[in-house]
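Single-letter residue listing:
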Amino acid sequence: DDLAKFQGLLSYTYRPIPTQDRLCPNNTCSKQRGGCPCVQRGGDPGLPTGYEVKRVIRVEDSGMFERYVQRRKAIRGARAGGCDHPDTDLFTKAALDHVEGLPDVLGELDDSINEVFLWHGTNIRAGLSIAQNDFNLDWAGKGAGTMYGKGLYFAESCTKADEYAKSENDGHYRDIRALLLCRVCVGKFHYVLDRDETAIDVYTKGESDSTIGDRAKSVHTYREIVIYDADQVYPEYLVIYQRCHGGKAPELPSKRVPFQLELPVYWVNVGKNPYTEPFRIHYHVRSQIRALVERLARGCSNSNKNMKVRNVRRVEDSELWTRYIHWKAQLTAGLEASGMKFCKPPNELDQMPDSGHTVTQKVLEEMNSEEAISVENMHVGLNELLLWHGTDRVAADQIADKGFLVGSAKHGRRFGNGAYLAEDIDKSLGYAPDDRGVRHMLLCRAVCGHMWYTEKNWDEYAHNDAQKNRKNSILANPNKTGPREYILFEEAQIYPEYMLEISL
């Protein structure tokens, strides 16, 4: 598992050394050389004894990477004879020989121009913004000064980078931090032992490509690497983690209940706090995303394999989303309180463990769809699924604006009250009237939770039985031949993420 390799990298580059840049975790001490008493060994809570990876996000931005490639090419041309290396390998470089499988994950590096991976500490929202929009040199130095001039500061040790990684006091990212693992072209470096704010002048004259400030040698703390051109950096991975104290051993997250971002990673608004920075926008997705959604739709059909998805809009609505994730959080808390690890999945309910998986989930797992619909972002343990809902144009717009209104169904209540969704898009297309050659479809996230299972052909009181047995939804599999339908009882259980216009 790749998470284990990143965990290994964190562990290898950890060093138990606090500095004055490590803020007092209790907000009681002023800044002092070597760090305050609260971050010393034996302090409260003391220096972190390790870091536990929660999730790793890979950044794939062709425009950002191309700028990096061109800058790397320019440095390679200007330093045709190669560049001197640091006296001892940077920790992140040495880790490639000590963490099994790490080179296979990180890929090739040009050692002749000191291309390396380095850490950059930040808060998780800023990290998501950098990963989406690149570094902004206008903000350089505003977090912790400019010891070697205005630039982008990186560390070989995760402990040093962690000093600048801030968590939030409450909410989804409480006690959660982020490090960017960046591909950096260090090139020819200017080497200094002490503070030197004029180091940037050496770069400006073309005599260097970067600065290495070796405070490890001068005061036994850390080496820092400073880059003065944002194009020399590609933020390739966002490593989301939690500090460990008291010698606690890091543990990898459960695959059934993984750590999830507050917002989907591919959303434009992923770096915002949906509670304090409201947004409501329907984005027309680019052609590559439309093609992925079309592929998903065709994969979920038996009789309309040539359907055309003409247009796709993604719904990014902070109000609907916070309602949805609040419901997920409540269900998660209920699971933990009951001692259960997960809700029973559909393929166990219909006693078809090999073939009863949700169609949308099976198709997604066969696709490289992380740009549009992240399988990793789905909470499998809560039976969070992607399901279809067919309707007319007016209703689709209303649902995208206000969410589902449970009990307002136009198509009958075959299995009682609730919002009806399906994994088989052909079933949902039956509820989508032809509108001048176009049918309207919603692709929804749905947290089904504990499901009441029925194989009856018609059971208009199924919702009563489900709720008496404290179930959150119904999985209806008529005569055990399908097509299966999912009936959800609460409006907050469903988030209408994509609006599709389909031609058959």
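If you're wondering where the values come from, they're calculated on a predicted model, not measured in any experiment. Along each chain, numbering runs from 1 in the same order as the chain's sequence is written. The model is predicted, so local features are restricted to residues of pLDDT at least 70 and side-chain atom pairs to those at 80 or more, both for listing and for counting; the totals for chains, interfaces and linings are taken over all residues. Values reported for side chains reflect all heavy atoms of the structure, with hydrogen atoms and water molecules removed beforehand.

Caption draft 1: Structural view of the overall build of the protein. Secondary structure elements follow DSSP: runs of H or I no shorter than four residues count as helices, runs of E no shorter than two count as strands, and numbering proceeds from the N terminus. Scanning the protein from terminus to terminus reveals 15 helices and 17 strands. Only C-alpha atoms enter the radius of gyration, while the globule expectation follows 2.2 Å times N to the 0.38, with N the number of residues. Its C-alpha atoms give the protein a radius of gyration of 26 Å, within 12% of the compact-globule value 23 Å for 504 residues. Projected onto its principal axes, the C-alpha coordinates of the protein cover approximately 80 × 50 × 40 Å. Buried means the residue's accessible area, taken with a 1.4 Å probe over protein chains only, is under 20% of the maximum for its type, while exposed means over 50%, and partly exposed covers the values in between. Looking at the protein as a whole, 53% of its 504 residues are labelled buried. In what follows, a contact means two residues having at least one pair of non-hydrogen atoms within 4.5 Å. Counting contacts in the protein only where the partners sit at least 6 residues apart, residues at least 24 apart contribute 77% of the total. Summing over all exposed atoms, the protein offers an accessible surface of approximately 22800 Å²; the carbon and sulfur share of this is 47%. Using a 1.4 Å probe, the Shrake-Rupley method yields the accessible areas, and only the shown protein chains count as cover for residues.

Caption draft 2: Expanded view of the packing of helix α9 (residues 287–299) against helix α12 (residues 359–366). Note on geometry: axes are lines fitted to C-alpha atoms, helical ones only across the stretch in contact, with angles between N-to-C directions running from 0 to 180 degrees. One can describe the packing of α9 onto α12 by two numbers: an axis separation of 9 Å at closest approach and a directional angle of 130 degrees. Accordingly, the angle class assigned to the pair α9 and α12 is oblique. Read as a crossing pair, α9 and α12 show a hand that is right-handed. Each of Arg295, Leu296 and Gly299 in α9 lies in contact with α12, whose residues at this interface are Val359, Thr360, Val363, Leu364 and Glu366. Only Asp, Glu, Lys and Arg are considered charged in this grouping, and only Ala, Val, Leu, Ile, Met, Phe, Trp, Tyr, Cys and Pro are considered nonpolar; every other residue, Gly among them, is considered polar. Split into classes, the residues belonging to the contact of α9 with α12 amount to four nonpolar, two polar and two charged. Should an angle lie under 35 degrees it is considered roughly parallel, over 145 roughly antiparallel, and from 65 to 115 roughly perpendicular; all remaining angles are considered oblique. In a left-handed crossing the near helix is turned counterclockwise from the far helix by less than a right angle, and in a right-handed crossing that turn is clockwise.

Caption draft 3: Structural context of the nonpolar core. Only buried Ala, Val, Leu, Ile, Met, Phe, Trp, Tyr and Cys residues count toward a nonpolar core, and they belong to the same one when joined by side-chain atoms within 4.5 Å. Within the largest apolar cluster, 88 residues are counted, with the highest numbers of intra-cluster contacts made by Leu296, Trp388, Ile425, Tyr498 and Leu500. Ranked by the residues each element gives to this core, the list is headed by helix α10 (residues 318–338), at seven residues. Core analysis: the next-biggest nonpolar cluster, separate from the first, contains 26 residues, Phe6, Leu9, Leu106 and Ala161 among them.

Caption draft 4: Representation of helix α1 (residues 2–13) in the model. For α1, which comprises 12 residues, the first-to-last C-alpha distance of 17 Å matches the rise-based estimate of 16 Å (1.5 Å per residue) to within 8%. Listing the buried residues of α1 in full gives Leu3, Lys5, Phe6, Gln7, Leu9, Leu10 and Thr13. Residue count minus one, scaled by 1.5 Å, sets the expected span of a helix.

Caption draft 5: Representation of the state of the cysteines in the model. By disulfide we mean two sulfur atoms from cysteines, separated by a distance within 2.5 Å. On inspection of all chains with the given rule, the structure shows zero disulfides. Sulfur of Cys36: no disulfide; nearest cysteine sulfur belongs to Cys24 and is 3.9 Å away. A relative accessible area of 3% means that Cys36 is categorised as buried.

Caption draft 6: Region of the structure containing the pattern of salt bridges. When a carboxyl oxygen of Asp or Glu lies within 4 Å of a side-chain nitrogen of Lys or Arg, that pair is called a salt bridge. Tallied over the full model, the rule gives 38 salt bridges. Residue Glu52 is joined to Lys248 by a salt bridge in which the shortest nitrogen-to-oxygen separation is 2.7 Å. Of the two residues, Glu52 sits in strand β1 (residues 50–58) while Lys248 sits in the loop between β8 (233–244) and β9 (280–284), which places them 196 residues apart along the sequence. Classification of Glu52 as buried rests on a relative accessible area of 6%. Judged by relative accessible area, which is 41%, Lys248 ranks as partly exposed. Via salt bridges that share partners, Arg58, Arg72, Glu115, Arg183 and Glu236 belong to a single interconnected network.

Caption draft 7: Examining helix α13 (residues 393–402) more closely. Every buried residue of α13 is accounted for by Ala395, Ala396, Ile399 and Ala400. Angularly, the buried residues of α13 cover 135 degrees about the axis, an arc narrow enough to put them on a single face. For α13, the exposed residues set more than 90 degrees away from the buried face come down to Gln398 and Lys402. The elements touched by buried residues of α13 are β9, β10 (308–317), α10, β11 (384–391), β13 (439–447) and β17 (494–503). The definition of a polar contact used here is a pair of N or O atoms within 3.5 Å, where within protein one atom must be able to donate a hydrogen and the other to accept one, and adjacent residues in sequence count solely through side-chain atom pairs. The N-cap of α13, judged by a side-chain oxygen 3.2 Å from the amide nitrogen of Val394 a few residues on, is Asp392. Downstream of α13 by a residue or two, Gly403 has a phi angle that is positive, lying close to 90 degrees. Directions are taken from the helix axis to each C-beta atom, and the arc is the one they span.

Caption draft 8: Geometry of the environment of Val105. With respect to the helices and strands, the residue Val105 is situated in helix α4 (residues 102–106). In the structure, Val105 is positioned 168 residues away from Asn273 in sequence and 31 Å away in space, judged by C-alpha atoms. Leave out the neighbours within four places in its chain, and Val105 touches Asp2, Lys5, Phe6 and Tyr237.

Caption draft 9: Region of the structure containing the pairing of strand β16 (residues 485–488). Burial along β16 is two-sided: the residues Glu485 and Ile487 and Tyr486 and Leu488 are all buried. By the bridge criterion, four bridges tie strand β12 (residues 419–422) to β16 in an arrangement that is antiparallel. Bridge pairing links Leu421 to Tyr486 in β16. What makes two strands pair is DSSP finding at least two bridges between them. Pairing between strand β15 (residues 473–476) and β16: four bridges, direction antiparallel. Residue pairing across strands places Ser473 opposite Leu488, the latter belonging to β16.

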